[in-house]
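Chain by chain, the residues run as shown.
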2 protein chains.
Amino acid sequence: MISTRGRYAIRVMIDLAENGSEGAYIPLKDIAERQGISKKYLEIIVKDLVSAGFLVGASGKGGGYKLCRKPEEYTVGEIIELMEGPLAAVACLIDGAAPCPRASECETLPLWEEYDRLTHDFFYGKRLSDLVR
Amino acid sequence: MISTRGRYAIRVMIDLAENGSEGAYIPLKDIAERQGISKKYLEIIVKDLVSAGFLVGASGKGGGYKLCRKPEEYTVGEIIELMEGPLAAVACLIDGAAPCPRASECETLPLWEEYDRLTHDFFYGKRLSDLVR
DNA sequence: TTATTTACCTATTGACATAGTAGGTTAGTA
DNA sequence: TACTAACCTACTATGTCAATAGGTAAATAA
């Protein structure tokens, strides 16, 4: 299940792509109102997008947020994985996790691997520009 | 993320398909040992499989569990949905849930719908017999 | 009939994640 | 100097996950 963190993050990015023409900074308040999401909660989400270098923020009057790249240069997959952690169907498939000692005999592992590839290809094949009206 | 409930349920079903030849009842203790999973925890999972009519249990000496259908007559999707609830990527797509008031203007909904179809088709296209060695 | 085996039942626990809220400080602009 | 907006830390309620604990009921083999 994709949580609100990931879903709201994508909506913020789309909002910026649609309303942030010519590199203007868009106040979070405006985004929150347009999207019908609590501004306070969006602050938490946007903070992570800034840390990751997906957005840049500017303080003070006339400040706000804007995209760092062109919409076609963001994939939906990287946004989701940033906000939610690895896009893995099962814990055994998370990179860097302790490898499952039953992996070699596990009859379900190939199933999860196949689903994992499907999911990964789907979300990394979608770009922010594909979602903008 | 598929939790242990769903994953263990599938492994129990595979174990029964492989070891329960000729309609014999297989004790949960044996399954737990073969699979390396706590028997106590499996009891909870197996209980749901019985309630749903996927398995049948027999008490007493010589008892245990067995499949009710042939392995090719179970889909992985129905097992997962039984154990984990709807296989939906986002809350707005759960059947019977309160419909999202923003659905008509939501720019991300088509994305989740497409992913949902992909996931559904994948898991309902896989059968228990596909996982048995 | 008795002992054994096995399913079946209810309750509880610790750890963690989710979805926020609350209240303040810093930075930049008009 | 007033205002705006980002930025920061902390807190909380609710729920889910992954089990564990300790029993009762049913069926069979000796």
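Everything numeric in this text was worked out from a predicted model, so none of it was measured.

Chemist: Honestly, the environment of Leu93 of chain A in this entry has me stumped. Any pointers?
Modeler: All names here are of chain A. When you line up the elements, Leu93 lands in the loop between helix 4 (76-84) and helix 5 (109-125). It is 8.3 Å that separates the C-alpha atoms of Leu93 and Asp116, two residues lying 23 residues apart in sequence. When neighbours within four sequence positions are excluded, Leu93 is seen to be in contact with Ala88, Leu109, Trp112, Glu113 and Asp116.

Chemist: How should the protein's contact with DNA strand D be read in this particular structure?
Modeler: By nearness alone, 21 residues border DNA strand D, and Leu28 and Tyr65 of chain A together with Thr4, Ser38 and Lys40 of chain B come closest of all. Counting only the atoms of DNA strand D within 4 Å of the protein, the fraction contributed by sugar and phosphate is 65%. In this structure, a phosphate oxygen belonging to DNA strand D sits 2.8 Å away from a side-chain N or O atom of Tyr65 of chain A. Within the side chain of Tyr8 of chain B, one N or O atom sits 3.5 Å away from a phosphate oxygen of DNA strand D. Contributions of two or more residues to the surface near DNA strand D are made by helix 3 (39-51) and strand 2 (64-67) of chain A together with helix 1 (4-19) and helix 3 (39-51) of chain B. Partitioning the surface near DNA strand D into residue classes produces 7 nonpolar, 8 polar and 6 charged.

Chemist: What's the story with the pairing of strand 1 (residues 55-58) of chain B in this structure? I'm lost.
Modeler: Consecutive side chains along a regular strand alternate between the two faces of the sheet. Taken together, the 4 bridges between strand 1 of chain B and strand 2 (residues 64-67) of chain B define a ladder with antiparallel strand orientation. Counterpart to Gly57 of chain B in the pairing with strand 2 of chain B is Tyr65 of chain B.

Chemist: How do you make sense of the interface of chain B and chain A when you look at a structure like this?
Modeler: How big an interface is tends to be stated in terms of the accessible area lost upon association of its parts. With 33 residues of chain B at the interface, the matching set in chain A holds 33 residues. Summed over both sides, the interface of chain B with chain A buries roughly 3,100 Å², with 62% coming from carbon and sulfur. Per-residue buried area on chain B facing chain A is highest for Met1, Glu107 and Tyr115 of chain B; these three make up 22% of the total on that side. Where chain B meets chain A, there are 4 salt bridges. With a closest N to O distance of 2.9 Å, Glu114 of chain A and Lys126 of chain B form a salt bridge. Counting across the interface, chain B meets chain A through 14 residue pairs in polar contact (both at pLDDT 80 or more). For the side of chain B that touches chain A, the secondary structure elements donating two or more residues are helix 1, helix 2 (28-35), helix 4 (76-84) and helix 5 (109-125) of chain B. In terms of residues, the side of chain B that touches chain A owes the most to one element, helix 5 of chain B, which gives 8 residues. Its residues assigned to classes, the side of chain B that touches chain A comprises 19 nonpolar, 4 polar and 10 charged.

Chemist: Which parts of the structure should I look at to understand the protein's contact with DNA strand C?
Modeler: Neighbouring DNA strand C are 21 residues; Thr4, Lys40 and Lys61 of chain A together with Leu28 and Tyr65 of chain B lie closest to it. Here DNA strand C approaches the protein such that, of its atoms within 4 Å, sugar and phosphate make up 65%. At 2.7 Å, a backbone N or O of Leu28 of chain B approaches a phosphate oxygen of DNA strand C. Mapped onto the surface near DNA strand C, the elements with two or more residues apiece are helix 1 (4-19) and helix 3 of chain A together with helix 3 and strand 2 of chain B. Its residues assigned to classes, the surface near DNA strand C shows 8 nonpolar, 8 polar and 5 charged.

Chemist: Just to check I follow, could you spell out the relation of the copies chain B and chain A for this structure?
Modeler: Each copy of the chain is related to the other by a rotation around an axis and a translation along that axis. If you rotate chain B by 180 degrees and push it 0.0 Å along the axis, it lands on chain A with an RMSD of 0.0 Å. These values place the two chain copies in the arrangement generated by a two-fold rotation axis. Closest approach to the rotation axis among the C-alpha atoms of chain B is made by Met1 of chain B, whose C-alpha sits 3.4 Å away. When the interface residues of chain B are mapped onto chain A, 100% of them again fall at the interface, so both copies present the same face.

Chemist: Explain unusual backbone geometry to me, please; I cannot follow it from the model alone.
Modeler: Glycine aside, a negative phi is what most residues show, and trans is what most peptide bonds show. In this structure, Glu22 of chain A takes a positive phi of about 60 degrees despite not being glycine. The topology assignment puts Glu22 of chain A in the loop between helix 1 and helix 2 (28-35).

Chemist: Would you mind showing me how to read helix 2 of chain A here?
Modeler: Structural remark: α-helix, 3.6 residues per turn; residues separated by three or four positions point the same way. Residues and elements named next belong to chain A. Three or more residues of helix 2 are buried, namely Leu28, Ile31, Ala32 and Gln35. Here the buried residues of helix 2 occupy an arc of 100 degrees about the axis, which is enough to place them on one side. Relative to its buried face, helix 2 has exposed residues pointing more than 90 degrees away, namely Lys29 and Glu33. Among the structural elements, helix 1, helix 3 and strand 2 are those in contact with the buried residues of helix 2. Positive phi shows up at Gly36, right after helix 2, with a value of about 70 degrees.

Chemist: What should I look at first to understand the packing of aromatic side chains in this one?
Modeler: The geometry of an aromatic ring pair is captured by the separation of the ring centres together with the interplanar angle, meaning the angle of the planes. The full count for this structure, using the stated rule, is 12 aromatic pairs over all chains. Between Phe123 of chain A and Tyr115 of chain B, the ring centres sit 4.6 Å apart and the planes meet at 50 degrees, which makes this aromatic pair tilted. Here Phe123 of chain A is found in helix 5, whereas its partner Tyr115 of chain B is found in helix 5 on a different chain. Residue classification places Phe123 of chain A among the buried positions, given a relative accessible area of 0%. Within the aromatic cluster, the residues linked to one another by ring pairs are Trp112 and Tyr115 of chain A together with Phe122 and Phe123 of chain B. One Lys or Arg, Arg69 of chain A, reaches over the ring of Phe54 of chain A and ends 5.0 Å from the middle of that ring.

Rules used throughout
Residues numbered from 1 in each chain as written. Chains lettered and ligands numbered in written order. Predicted model: local features only at pLDDT ≥ 70, side-chain atom pairs only at ≥ 80, totals over all residues. Heavy atoms only, no water. Helix = DSSP H or I, 4+ residues; strand = E, 2+ residues; numbered from the N terminus. Contact = heavy atoms within 4.5 Å. Near = heavy atom within 4 Å. Polar contact = N/O pair within 3.5 Å; in protein donor to acceptor, adjacent residues only side chain to side chain. Nonpolar A, V, L, I, M, F, W, Y, C, P; charged D, E, K, R; others polar. Pairing = 2+ DSSP bridges. Buried area = accessible area lost by both parts, 1.4 Å probe. Salt bridge = Lys/Arg side-chain N within 4 Å of Asp/Glu carboxyl O. Least-squares fit on C-alpha atoms with pLDDT ≥ 70 in both. Buried < 20%, exposed > 50% of the residue type's maximum accessible area, 1.4 Å probe, protein only. Arc of directions from axis to C-beta. Phe/Tyr/Trp six-rings, centres within 6.5 Å; stacked < 30°, edge-to-face > 60°. Lys NZ or Arg CZ within 6 Å of the ring centre and 35° of its normal.

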